[in-house]
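Survey of secondary and tertiary structure
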Amino acid sequence: MLIALAFALQAAVGVPETIQPTGPVGAEACVASVEPCQIAPGTRYRMIRKAGDKPLVVHVAEIDLATPGLAVRTTPPDRSGGLEYRAQTTSYYLAHSGAVLAVNASYFLPFVGGSRGGNDFVPVAGGAAAASGAVLSGGALASPADDIDARVDGMACFGASRAQIVPGQSCPDGFAEGVAAGPRLIAAGTVLPRPRLGPDGPFRGATRPAEAPPAIAPPPGAAAGGGGPRTALGIDATGTKLWIVVADGRQPDWSMGLGHEALIDLFRNLGASDAISLDGGGSATMAARGPAGPLLLSRPIHTGVPGRERPVANHVGVFVDGISGRPDGVMPALAKRPVAQLKASLERIYTAQEARQGVAADAMHFYAIVNTVIGKYARDTGKLVTRWAGPRGGFIRHLNSCTIVRADLVCAHSNHPEVPHASSVEIWDSATLAHKASISLGNRDEGSLTIVEPIADGWLLGFAHYSDETGVPFKGHDFSQLIAVDAEWRRREAWVIPPSIRARMAPQAASGGAIGPDGLLYLFGHTLPELYVLARPASGAELVHVATIALDAAGQAFAFDPSHAKRIFAIDRPTGTVRIFTLPDTGPLPADTRRFSRPR
């Protein structure tokens, strides 16, 4: 009824059928489109959305199988892990297969649901997995028929310009691709009775009860408009039109999901003669090829985290000649540049029990920092001069890197590992270590503050995101960035860290950085014993990786010696020591890069 109403309303008001430009750029314009939108030749998408106490978002892709050059295929097998597939997300499959649109397909094993952190889900990305039921790929069986999962009662089969949904687990002659799933919803225009299924068996698949199972109260949200995430396929009576449906679910602020009867109503209103369910729940995902890679059209919920994709065994993909593989219009990666590989020379090692987060230095002293404690040491003797310690349970929670600015010790501070991220800049008198001031940055969408560095007429701030349990949904370590603000802490410019460096720091991010006397930005690897030297780009938003400097110290933060342009104080976190290094010359700056402006 709900879906029928959505379609009826659109027809009643005479909404024009707007078709967006074909190809990957058009696919990006299709995100969240409530009007029919063309992703690629023969492939259209629309989103149906209903607000209210039980919100609903459904994604519908309509495929014209008679389109020249269009084909529907399943994931080819990869038995290198000992089973039929290597688990991968739908976006990963789409990016590497060349499909223009893809959804998850079979129920699969092994399956361990995992916790919110996601690290204990099985199978992991790249882990071995097997489909429950038959799968046909390229004319050969990728997975044999089996009866492990009682939901599997039919097979969606794809051939040249046509599709067919049949009972059982084998496709008729002439079909080279197919996936077994279920339950079937509609057959030749007739709604099929919902099968009786028992609880999950030892293999985490539905069982066939020997007798009618006892009545079980439906789970929360299982009422109309709240049936959970779903993925399903439908075809018209000619077998030349295919509908792929993904319903978002289990997200009260977005979509509660689609129940069994409502899913059937949707397919009947679309004009489907036959329909079948695929794997749903946290697996339900629809992705399309965009100008710069995969675009999530749906909003999956894996391990209870909205927007997180699940690695699944296999997929159904739509392919179109001419935009298979790397699509026309995709943005190429930045050209690779030579990166100098250099090494720093170790001069001296101090022992400082606070050396767990960072260090700052002035002409006579160095300041070793841990989360809530700062130790001030004499440079000549290495002896402790004084110490500041925050009270247990106080407002100072997680100090990161610090720097000396005139007579002040200025430190980046955050509430890490709590979320949402909240940050502040904390200031001490460097002579007495008396706390002087605090500038609250509050809950910053940019992430958790780890770097505060003076620049001309303002500050350079480093914000970190994390791809582990301390991160926030939708944003991993790749979202870390450097932001220039003015003296009033208002944003002026920002840059991202090159992907190659972000990958080396994953799942963490830079916790230490400083602008050298040469005007270049130096970042410490979070745990790796190396410094990354970065220049400003002449255009664009990505910093330019100029050099990598190996040094015998493993994170997290460091500081330049104000009395020597090539000397730094760094900490070696595992040993709790402060170490002095002399840096090598990084060579001439590339012509299309710039230096950062130093304080006047």
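Starting afresh in each chain, residues are numbered from 1 along the sequence in its written order. Local features in this predicted model are restricted to residues whose pLDDT is 70 or higher, and side-chain atom pairs enter the listing and the counts only when it is 80 or higher, whereas totals over whole chains, interfaces and linings include all residues. To obtain the side-chain values, all non-hydrogen atoms of the structure were used and water was disregarded.

**Comments concerning the overall build of the protein**
Helix and strand assignments follow DSSP, with helices taken as H or I runs no shorter than four residues and strands as E runs no shorter than two, numbered in order from the N terminus. What the protein contains, in helices and strands, is five helices and 45 strands. Considered along the principal axes of its C-alpha atoms, the protein spans approximately 85 × 55 × 55 Å. Each of the 600 residues in the protein was classed as buried or not, and the buried ones make up 56%. In what follows, residue pairs with any heavy atoms lying within 4.5 Å of each other are defined as contacts. Across the protein, every contact between residues at least 6 apart in sequence was considered, and the portion connecting residues at least 24 apart equals 59%. Only carbon and sulfur atoms are counted for the fraction: they give 55% of the accessible area of the protein, which is about 25000 Å². For the purpose of counting charges, residues Lys and Arg are taken to be positive, whereas Asp and Glu are taken to be negative. His and the chain ends are not included. Charged groups are reduced to one reference atom each: NZ for lysine, CZ for arginine, CG for aspartic acid, CD for glutamic acid. Placing the 54 positive and 53 negative side-chain charges of the protein at their respective mean positions leaves the two points 4 Å apart. The buried label applies to any residue whose accessible area, calculated with a 1.4 Å probe on protein chains only, is under 20% of its type's maximum; exposed applies above 50%, and partly exposed to all values in between. To be clear on the numbers: accessible area is Shrake-Rupley with a 1.4 Å probe, and residue cover counts the displayed protein chains and nothing else.

**Re helix α3 (residues 90-97)**
Inspection of α3 places Thr90, Ser91, Tyr93 and Leu94 among the buried residues, and these make up the whole buried set. The buried residues of α3 all sit within an arc of 160 degrees when viewed along its axis, so they share a single face. As for α3, its buried residues are in contact with β4 (70-74), β6 (101-104), β19 (286-290), β20 (293-296) and β23 (315-320). Just past α3, the residue Gly98 takes up positive phi, approximately 90 degrees. Relevant arc is that of directions from the helix axis to the C-beta atoms, nothing else.

**With respect to the nonpolar core**
Residues grouped as a nonpolar core are buried Ala, Val, Leu, Ile, Met, Phe, Trp, Tyr and Cys residues, joined through side-chain atoms within 4.5 Å. In this structure, Ile39, Leu101, Leu242, Ile244 and Met286 are the most contacted members of the largest nonpolar core, which totals 49 residues. Those residues in contact with Leu101 that sit more than four places away from it in its chain are Ile39, Thr43, Ala61, Leu94, Ile244, Met286, Ala287, Ala288, Leu297, Val316, Gly317 and Val318.

**A short note on the sheet that holds β6**
Two strands pair if DSSP finds at least two bridges between them. Overall, antiparallel pairing links the five strands, which are arranged β4-β23-β6-β19-β20 in an open sheet. Of all strands in the sheet, those bounded by a partner on one side alone are β4 and β20. Looking at each pair of strands side by side, their axes are set apart by 25 degrees on average, direction ignored. Of the pairings in the sheet, the one linking β6 to β19 comprises three bridges and is antiparallel in character. Counterpart to Val103 in the pairing with β19 is Met286. To get an axis, a line is fitted to the C-alpha atoms, and for a helix only the part in contact is used. The angle between two axes follows their N-to-C directions and goes from 0 to 180 degrees.

**Quick notes on helix α4 (residues 260-270)**
Where α4 is concerned, the buried positions are His260, Ala262, Leu263, Ile264, Leu266, Phe267 and Leu270. Positioned one or two residues after α4, Gly271 has a phi angle of 105 degrees, which is positive.

**Here's the deal with the state of the cysteines**
Any cysteine sulfur atom paired with another within 2.5 Å is treated as part of a disulfide. This structure, assessed with the given rule, holds three disulfides. A disulfide bridge connects Cys157 with Cys171, and the sulfur atoms are separated by 2.1 Å. A torsion of -90 degrees about the S-S bond marks the disulfide between Cys157 and Cys171 as left-handed. Residue Cys157 is located in strand β11 (residues 154-159), and its partner Cys171 is located in the loop between β12 (162-167) and β13 (175-181); the two are separated by 14 residues in the primary sequence. Each member of the pair, Cys157 as well as Cys171, is classed as buried. Through a disulfide, Cys402 is tied to Cys411; the S-S separation comes to 2.0 Å. Across the S-S bond linking Cys402 and Cys411, the dihedral sits near 115 degrees, which makes this disulfide right-handed.

**A short note on the sheet that holds strand β42 (residues 558-560)**
Strands belonging to one sheet form pairs held by backbone hydrogen bonds; the direction of such a pair is parallel or antiparallel. The strand order across the open sheet formed by four strands is β25-β44-β43-β42, and the pairing between neighbours is antiparallel. The open sheet has two edge strands, β25 (345-351) and β42, and neither has a second partner. In this sheet, neighbouring strand axes are inclined to one another by 20 degrees on average, regardless of whether the strands run parallel or antiparallel. Pairing between β42 and strand β43 (residues 567-572): three bridges, direction antiparallel.

**Here we look at the side chain of Thr548**
Position of Thr548 among the secondary structure elements: in strand β41 (residues 544-550). For Thr548, a relative accessible area of 9% translates into the label buried. Among all residues touching Thr548, those that are not within four sequence positions of it are Val339, Ala340, Gln341, Leu342, Glu530, Leu531 and Tyr532.

**Notes on the packing of aromatic side chains**
Stacked, tilted and edge-to-face are the three classes assigned to paired rings of Phe, Tyr and Trp, where Trp is represented by its six-membered ring and a pair needs centres within 6.5 Å; plane angles under 30 degrees give stacked, over 60 edge-to-face, the rest tilted. Applying the stated criterion across every chain, the model contains eleven aromatic pairs. Residues Phe558 and Phe560 carry aromatic rings whose centres are separated by 6.1 Å and whose planes lie at 65 degrees to one another, so their mutual orientation is edge-to-face. Members of the aromatic cluster, connected to one another through ring pairs, are Tyr350, Phe366, Tyr377 and Phe569. We count a charge as sitting over a ring when the NZ of a lysine or the CZ of an arginine lies within 6 Å of the ring centre and within 35 degrees of the ring normal. When the ring centre of Tyr107 is taken as reference, the NZ or CZ atom of Arg151 above it lies at 3.8 Å. Sitting over the face of the ring of Phe596, Arg536 holds its NZ or CZ atom 5.8 Å from the ring centroid.

**Here's the deal with the pairing of strand β35 (residues 458-464)**
With seven of seven residues buried, β35 lies mostly within the body of the structure. Here strand β34 (residues 448-455) runs beside β35; their pairing, made up of seven bridges, is antiparallel. Bridged to Leu449 within β35 is Phe463. The turn linking β34 back onto β35 is made up of two residues, and Asp457 within it adopts a positive phi angle of 60 degrees.

**A look at the environment of Ser80**
Structurally, the position occupied by Ser80 is in the loop between β4 and β5 (85-86). Side-chain atoms alone can form a polar contact between residues adjacent in sequence; in general such a contact is a pair of N or O atoms within 3.5 Å, and within protein one must be able to donate a hydrogen while the other accepts it. Within the structure, the side chain of Ser80 is placed 2.7 Å from the side chain of Asp78, a separation counted as a polar contact. There is a polar contact of 3.0 Å between the side chain of Ser80 and the side chain of Arg86.

**What to know about the confidence of the model for the protein**
Across the chain, each position has a pLDDT score giving the predictor's confidence in that residue, from 0 to 100. Summing up the model confidence of the protein, the mean pLDDT is 89 and the portion of residues at 70 or higher is 90%. Segment residues 5-25: pLDDT under 50, and 38 contacts once partners within four positions in sequence are set aside and those in other chains are kept. Predicted confidence is poor over residues 324-331, with pLDDT under 50, and the contacts of this stretch with residues over four places away or in other chains come to 19 contacts.

**Let's talk about the pattern of salt bridges**
We count a salt bridge whenever a side-chain nitrogen from Lys or Arg sits within 4 Å of a carboxyl oxygen from Asp or Glu. Using the criterion set out here, one finds 18 salt bridges in the structure. Between Asp572 and Arg579 there is a salt bridge; the shortest N-O distance is 3.6 Å. On the basis of relative accessible area, Arg579 is assigned to the buried category, the value being 9%. One continuous salt-bridge network, built from bridges that share partners, spans Glu347, Arg379, Asp561 and Arg567.

**Considerations on the side chain of Arg184**
Position of Arg184 relative to the elements: it lies in strand β14 (residues 184-187). For Arg184, the residues in contact, after removing those within four places along its chain, are Asp153, Gly154, Ile165, Val166, Pro167, Leu192, Ala275 and Ile276.

**Structural notes on unusual backbone geometry**
Cis geometry marks the peptide bond from His416 to Pro417; its omega dihedral reads 10 degrees. With respect to the secondary-structure elements, Pro417 resides in the loop between β31 (408-414) and β32 (423-429). For the bond running from Gly555 to Gln556, omega is 15 degrees, close enough to zero to count as cis. Along the chain, the position of Gln556 falls in the loop between β41 and β42. A positive phi angle, near 65 degrees, is found at Ala32, a position not held by glycine. By the secondary structure assignment, Ala32 is in the loop between α2 (24-29) and β1 (37-40).

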